[in-house]
Amino acid sequence: MSNSAKHTAMANAIRVLSLDSVERAKSGHLGLPLGAADMATVLFSKILKFDPKAPNWPNRDRFVLSAGHGSMLLYSALHLLGYEDTTIDELKNFRQLGAKTAGHPEFGHLAGIETTTGPLGQGVGNAVGMAIAEAKLRAEFGDKIVNHFTYALIGDGCLMEGISHEVAALAGHLKLNKLIVMWDDNDITIDGYVSLADSTNQIARFEAYGWHTIAIDGHDEKAITAALKEAQKSDRPTFIACKTTAGFGAPTRAGLPKAHGGPYGAEEAAGVRQSLGWTAEPYDIPEEIIDDWRLAGLRSTGRRVDWEARNEAKDNEAGRDFKRRMRGELPSTLEKTIQTLKEDFANEPPKVATRKASQMVLEAINPILPETMGGSADLNGSNLTKTSGVEDFTAENNAGRFINYGVREHGMAAIMNGLALHGGIIPYSGGFFVFSDYCRPSIRLAALMGIRVIHIMTHDSIGVGEDGPTHQPVEHLASFRAMPNVNVFRPADATETAECWQLAIESKTTPSILALTRQGTSPMRLEVESTNLCARGAYAIHGSANADALIYASGSEVGIALDAAKLLENDDISVRVISVPCLELFDQQDKDYRAEIKGTPKARVAVEAGVRAPWDHLLGDNGQFVGMDSFGASAPANVLFEHFGINAASIVEAVKNQL
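Rules of the game
- Residues numbered from 1 in each chain as written.
- Predicted model: local features only at pLDDT ≥ 70, side-chain atom pairs only at ≥ 80, totals over all residues.
- Heavy atoms only, no water.
- 1 Å grid on protein atoms, 1.4 Å probe; cavity = no way out; pocket = protein on both sides within 12 Å on 5 of 7 lines; lining within 4 Å.
- Points joined across faces, edges and corners; volume = space filled by probe spheres on them.
- Helix = DSSP H or I, 4+ residues; strand = E, 2+ residues; numbered from the N terminus.
- Nonpolar A, V, L, I, M, F, W, Y, C, P; charged D, E, K, R; others polar.
- Pairing = 2+ DSSP bridges.
- Axes fitted to C-alpha atoms, helices over the stretch in contact; angles between N-to-C directions.
- Contact = heavy atoms within 4.5 Å.
- Parallel < 35°, antiparallel > 145°, perpendicular 65-115°, else oblique.
- Left-handed = near helix turned anticlockwise from the far one by under 90°.
- Phe/Tyr/Trp six-rings, centres within 6.5 Å; stacked < 30°, edge-to-face > 60°.
- Buried < 20%, exposed > 50% of the residue type's maximum accessible area, 1.4 Å probe, protein only.
- Polar contact = N/O pair within 3.5 Å; in protein donor to acceptor, adjacent residues only side chain to side chain.

### Details of empty space enclosed by the protein
Remark: the empty space left among the atoms is shown by a probe the size of a water molecule rolled over them.
Okay, step 1: Summed over all chains, the structure comprises five cavities of 30 Å³ or more.
Okay, step 2: Estimated volume of the largest cavity: approximately 90 Å³.
Okay, step 3: F44, L48, F50, P55, R60, D61, F63, L78, Y83, G112 and E114 are the residues that line the largest cavity.
Okay, step 4: Taken as a whole, the second largest cavity spans an internal volume of roughly 50 Å³.
Okay, step 5: Taken together, A545, N546, A547, A549, L550, R576, E596, I597, K598, G599, T600 and P601 make up the lining of the second largest cavity.
Okay, step 6: Of all the secondary structure elements, the ones that give two or more residues to the lining of the second largest cavity are strand 13 (549-553) and helix 24 (591-598).
Okay, step 7: At three residues, helix 24 tops the list of elements feeding residues into the lining of the second largest cavity.
Okay, step 8: A class-by-class count of the residues in the lining of the second largest cavity yields six nonpolar, three polar and three charged.

Pasting the structure below:
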């Protein structure tokens, strides 16, 4: 069999497995798997460095299928290459309940899936993050240990989504030369031809970003191979426009908008098989084709074994640190560092905004956590995410630990996901909490994947002040608390900020949001505690369990609650104040602890400069809420708190109304 015939047979194996699975499921997308099979075959059989027998090899190349609707392309390739968990039965169960072959690729379901994709454009951002991580770790540990490429397969939808602009512009600026993007240029979307909604010259667009660009026939094996090898030699990221026919081989759909989705139906499916010259039964791949794919899967085994031998021989501090970081483990010094910081805060209580307290914490932990990589969306002067001694990550200095994302919140969040997924990096970044709406799709995917990313969201309430309601988050705490597997931390003072930072760093499978104040806060915790009180989500900061009234509060409102407690106690009403830095962690506690915190008071009040929704399950039928039920206004922070009734007097009134 000639090389050309061999390539065609291998590509057709991807096509028919995808066809069989979509037809069996009666659901899915066939346009991309049929059209991009040649690109995938060249990439996986000739170019990509990986080993199915060691799928988590740290120095493997990363592949991101940003056009996640074409998931059967990836699943078929993984099965053919010999990934043990991608069995024929998994292909047969495509899109079925309990199957690992979900409608869109999901990180953690199958080895070889580097990220969860589906919302278009997210994978482009993840790939940029992975490329930054590779460059950073290569600069830190040397190219004998870290030296690999990141490849992404994207579609027209990815390019239309605004996030692709944000991340591609930054990638070009940073000259991430080990990032290679392959565009499945097939001219169609769901609603029709691309020309229906877009006429962008994508090659010119990426050239303007500073990328190296190549245009090829996406069905020409030799052209694909040459383009990828050329891209590997570039000193810039590379964008390869691969002109393809969506639904390649489909007799009445190929190249048409109706090729995008599936199933095609029995008659059209038979026509695909006929046009490909494929005579085998569904899911029956001829042995010689399987052998060629399995040999392709073993191409990099020798390189992997050599790498492991080199890495094992590097039994020094740097080598041990690399292994620790790639395992996602933390240094033993973290807990002691946080405890020392808490002692310092108790000895000299700082009256600072929690955003400033966060910077103080970072000043202590960044020196002992070399894996942290910070950044900000052009708001570092406000977010305070950069610490002393930390250099910028730039095209000229890949060893830097701080990324200047520019005004690109959405791209920033997707890149952070890629940094975390690569391994060896704990990403954190800063932005205004109100602009978390731009980050939300990426934060949701981080929660779905269960990865450690930390979002510092400052200016967390009407305390923003004069910038007005456009910049004052009101519903944001509630909305992120409603998102599964996200920890929303809202510390009350410097000590709680330190404890919340520790919890965020230790939360290996849960993304975290630190909602921090612009305005100053008074110290609440004046005694040193050896345990992390914030770890239980809520704890008593004042009063006894049998108090007449119970006041829940978070963040800057804890101080207001304590002021109200003094006024009530002057009227012989006993009060217990509960600081609630993280509702999610409190809800995870055992029922005895939750019952002990809730107690049996005659009056319950929750106070927070946000909306009521997250507190109802603690307030019950008769409890009252002091907070926001509208957008904010433009005025100094202290004026706004009084105007909206978020003050001690309102809490006192709410308590007395129940007694």
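### Some details on the sheet that holds strand 13
By definition, the strands of a sheet pair up through backbone hydrogen bonds, in either a parallel or an antiparallel sense.
Okay, step 1: Strand order in the open sheet formed by five strands is 12-14-13-15-16, and the pairing between neighbours is mixed. Two strands bound the open sheet, and with one partner strand each, they are strand 12 (539-542) and strand 16 (624-626). Ignoring which end each strand starts from, the neighbouring axes of this sheet average 30 degrees apart.
Okay, step 2: In terms of strand pairing, strand 12 meets strand 14 (residues 575-579) through three bridges, oriented antiparallel. In the strand pairing of strand 14, A540 is matched with I578.
Okay, step 3: Strand contacts of helix 22 (residues 557-570): strand 12, strand 13, strand 14 and strand 15 (603-607), with the helix running at about 175 degrees to strand 14, the strand carrying the most contacts.

### Comments concerning the packing of helix 1 (residues 3-25) against helix 4 (residues 71-81)
Okay, step 1: In the contact formed by helix 1 and helix 4, the axes pass within 9 Å of each other and the chain directions differ by 120 degrees. The orientation of helix 1 with respect to helix 4, classified from their angle, is oblique. The two elements helix 1 and helix 4 meet at a crossing, and its hand is right-handed. Side by side, helix 1 and helix 4 meet where A13, I14, L17, S18, S21 and V22 of the first sit next to M72, L73, S76, A77, H79 and L80 of the second.
Okay, step 2: Taken together, the residues of the contact of helix 1 with helix 4 break down into eight nonpolar, four polar and no charged.

### So, the packing of aromatic side chains
Okay, step 1: Taken as a whole, this structure holds 18 aromatic pairs when the rule is applied.
Okay, step 2: Here the aromatic rings of F435 and Y438 are separated by 6.0 Å at their centres, their planes lie at 25 degrees, and the arrangement is stacked.
Okay, step 3: Here F586 and Y593 contribute two aromatic rings whose centre-to-centre distance is 6.4 Å and whose plane-to-plane angle is 65 degrees, an arrangement assigned as edge-to-face.
Okay, step 4: Under the relative-accessibility criterion, F586 is labelled buried at 1%.

### Notes on the pairing of strand 15
Okay, step 1: For strand 15, the buried fraction is high: five of the five residues fall into the buried class.
Okay, step 2: Burial along strand 15 is two-sided: the face carrying A603, V605 and V607 and the face carrying R604 and A606 are both buried.
Okay, step 3: Alignment of strand 13 against strand 15, held across five bridges, turns out to be parallel. If you follow I551 over to strand 15, its bridge partner there is V605.
Okay, step 4: Of the pairings in the sheet, the one linking strand 15 to strand 16 comprises three bridges and is parallel in character. By the bridge assignment, A606 is partnered in strand 16 with F625.

### Examining the sheet that holds strand 4 (residues 212-217)
Okay, step 1: Judged by pairing direction, the sheet is parallel, and its five strands sit side by side in the order 1-2-3-5-4 without closing on themselves. Where the open sheet ends on each side, the last strands, each with one partner, are strand 1 (62-65) and strand 4. Averaged over neighbouring strand pairs, the angle between their axes works out to 15 degrees when direction is ignored.
Okay, step 2: Bridging between strand 1 and strand 2 (residues 150-154) involves four bridges; their strand directions are parallel. Across the sheet, the residue bridging to V64 is A152, located in strand 2.
Okay, step 3: Packed on one face of the sheet, helix 3 (residues 37-47) meets strand 1, strand 2, strand 3 (179-185) and strand 5 (238-243) and runs near 155 degrees to strand 3.

### Re the packing of helix 6 (residues 122-141) against helix 18 (residues 409-422)
Okay, step 1: Where helix 6 contacts helix 18, the axes come no closer than 6 Å and their chain directions differ by 55 degrees. One finds that helix 6 runs oblique with respect to helix 18. The handedness of the crossing between helix 6 and helix 18 comes out as right-handed. Here Q122, G125, N126, V128, G129, M130, I132, A133, E134 and L137 of helix 6 lie close against helix 18, whose contacting residues are H410, A414, I415, N417, G418, L419, L421 and H422.
Okay, step 2: Of the residues contributing to the contact of helix 6 with helix 18, the split by class is nine nonpolar, eight polar and one charged.

### Some thoughts on the environment of R310
Okay, step 1: Position of R310 relative to the elements: it lies in helix 13 (residues 301-313).
Okay, step 2: Classification of R310 by relative accessible area gives partly exposed; the value is 39%.
Okay, step 3: Residues R310 and I145, 165 residues apart in the sequence, show an inter-C-alpha distance of 7.8 Å.

### Some words on unusual backbone geometry
Okay, step 1: Cis geometry marks the peptide bond from G262 to P263; its omega dihedral reads 0 degrees.
Okay, step 2: Inspection of the secondary structure assignment puts P263 in the loop between strand 5 and helix 11 (266-276).
Okay, step 3: A positive phi angle is found at K26, which is not glycine, with a value near 55 degrees.
Okay, step 4: In this fold, K26 is placed in the loop between helix 1 and helix 2 (31-35).

### Let's talk about the side chain of R324
Okay, step 1: Positionally, R324 belongs in helix 14 (residues 317-327).
Okay, step 2: Of note is the side chain of R324, whose polar atom sits 2.7 Å from the backbone oxygen of E329.
Okay, step 3: The residues contacting R324, other than those within four sequence positions of it, are E329, L330, P331, P370 and E371.

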